[in-house]
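# Inside the fold
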Amino acid sequence: SPSSRISGIIPSGKDGWEVHMAAWARRQAGEDIIMLSVGDHDFDTPSETVEACVRAVRGGHHHYTNLPGLPALRSAMAKISTRCTGVETSEDEVIATPGGQAALYAAVQATLDPGSHAIVVAPYYATYPGTFRSAGADFTVVETRAESGFQPDAAAIEAAVRPETRAILINTPNNPTGAVYTRRSLEALAEICRKHDLWLLSDEVYWTLGGGEHLSPRALPGMNERTLVINSMSKSHGMTGWRIGWLTGPSELIRLTIDLNLVITYGLTDFVSRAAAEALENDFGVAEIAARYAARRKAFLAEIEGSNQITVRGSEGGMYIMLDVRDVEPDCEAFAWNFLDAEKIAVMPGSSFGDAAAGHIRISLCQPEPVLADAAARLKRFVANYR
Ligand code: PLP
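Bear in mind the structure is a predicted one, so any value in this text is a computation, not a measurement.

Taken together, 13 residues lie near the ligand, and Gly 99, Gly 100, Gln 101, Ser 232 and Ser 234 sit nearest. Looking at the shell around the ligand residue by residue, the class counts come to two nonpolar, ten polar and one charged.

Structure follows, in structure tokens:
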């Protein structure tokens, strides 16, 4: 039989993707359905990055790479970490990983022992529980409140701290809520981490899509030595399928993750690493992608403005908008199914992201502006005529 360590990492059963799967099947069968349920860009990687990769492939860069990442890649990542976190970052404080998910895995493996405990702020990205389980760690989910814009609740988080707690995992800008944590929220979290001697695992993969200047908890007093920042080129540089991310943290800990990578990945793809380094050094696509999502968010929100049946919660950054539909239909799953049937638009019911987001629907901004404006108009019509 398989090991108990990996059995049950991802429990089978209801996962909340039923509406999406049904919509996808209907689309495959020829129906004209707008998919606002998924979170991958609807556009290709910037052509400069693609060209850099083609050059690298043709240039014979087909070999093993240095384990923590090619020096040029590591150096570019350190520079971006300096910008992202506001803390001067050296090359030995970063490790290149195949995507932000692998950076998160390394962070969790590096800070949690079997039987130790972590706290995760919800709603959260779907892979978080499985990542804790893969380390044999226990975890407590602490919900945020929709009414406070899904900002973390410091008192509830502190109440969940146990003697065996080692880390708190947060994500800002947030998937799925779009909340961007305020300085006050982050200061309260930092205070808890310092007081109870905890690691802060900070998933900042949406840092360029926050709408304003990004604030990383790593920059707060006493936090540099206890913060691990998960980063990625997937969202910021339009490179989801390239699998390039990195982890930033104290060099002693990063050194251990290099050993971990030795036994998992044995380094990254040579030509992809070279293209990624060029893309990081030159910010290929970053401003354009950020502007595109900002314009989409604005277009969608402008269209539903004035509807007194829908309340926008969070939704300040990232790739999603969270709408409170409780005044229309308290059961958000029923709302999503009815919306699909009536208007042929697929959205995610908030309940699939936990209790705090129940009564909400999540709209993905991964469609062109006119499609989003049309979807918002249909949403307004749908709620006005509900039942
Ligand atoms: N963290 C968050 C919050 C995400 O939404 C995602 C992807 O959707 C990831 C991490 C992982 O991204 P990747 O592994 O593509 O870098």
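A few words now on helix H1 (residues 18-28). Among all positions of H1, only Val 19, His 20 and Ala 23 are buried. The arc enclosing the buried residues of H1, seen along the axis, measures out at 95°, which places them on a common side. Facing away from the buried side of H1, by more than 90 degrees, are the exposed residues Met 21, Ala 25 and Gln 28. In this fold, the buried residues of H1 make contact with strand S1 (34-35), helix H11 (332-343), strand S11 (345-346) and strand S12 (348-349). Taken from the residues just after H1, Gly 30 is the one with a positive phi, measuring 110°.

Turning to the packing of helix H2 (residues 47-58) against helix H9 (residues 270-282), a few remarks are in order. The N-to-C vectors of H2 and H9 enclose an angle of 145°; their axes lie 8 Å apart at closest approach. Judged by the twist between their axes, the crossing of H2 over H9 is right-handed. Only Phe 271, Val 272, Arg 274, Ala 275, Glu 278, Ala 279 and Asn 282 of H9 make contact with H2, whose side of the interface consists of Glu 48, Thr 49, Ala 52, Cys 53, Ala 56 and Val 57.

Glancing now at the sheet that holds strand S13 (residues 360-364). Strand order across the open sheet formed by four strands is S9-S10-S13-S12, with antiparallel pairing between neighbours. Strand pairing shows two members of the sheet lacking a second neighbour, strand S9 (311-313) and S12, which therefore form its edges. Note that strand S10 (residues 320-324) and S13 share five bridges and pair antiparallel. Within S13, the position partnered with Ile 321 by the bridge is Ile 363.

What counts and what doesn't
Residues numbered from 1 in each chain as written. Predicted model: local features only at pLDDT ≥ 70, side-chain atom pairs only at ≥ 80, totals over all residues. Near = placed C-beta within 6 Å. Nonpolar A, V, L, I, M, F, W, Y, C, P; charged D, E, K, R; others polar. Buried ≥ 20, exposed ≤ 12 C-beta atoms within 10 Å, placed from the backbone. Helix = DSSP H or I, 4+ residues; strand = E, 2+ residues; numbered from the N terminus. Arc of directions from axis to C-beta. Contact = placed C-beta atoms within 7 Å. Axes fitted to C-alpha atoms, helices over the stretch in contact; angles between N-to-C directions. Left-handed = near helix turned anticlockwise from the far one by under 90°. Pairing = 2+ DSSP bridges.

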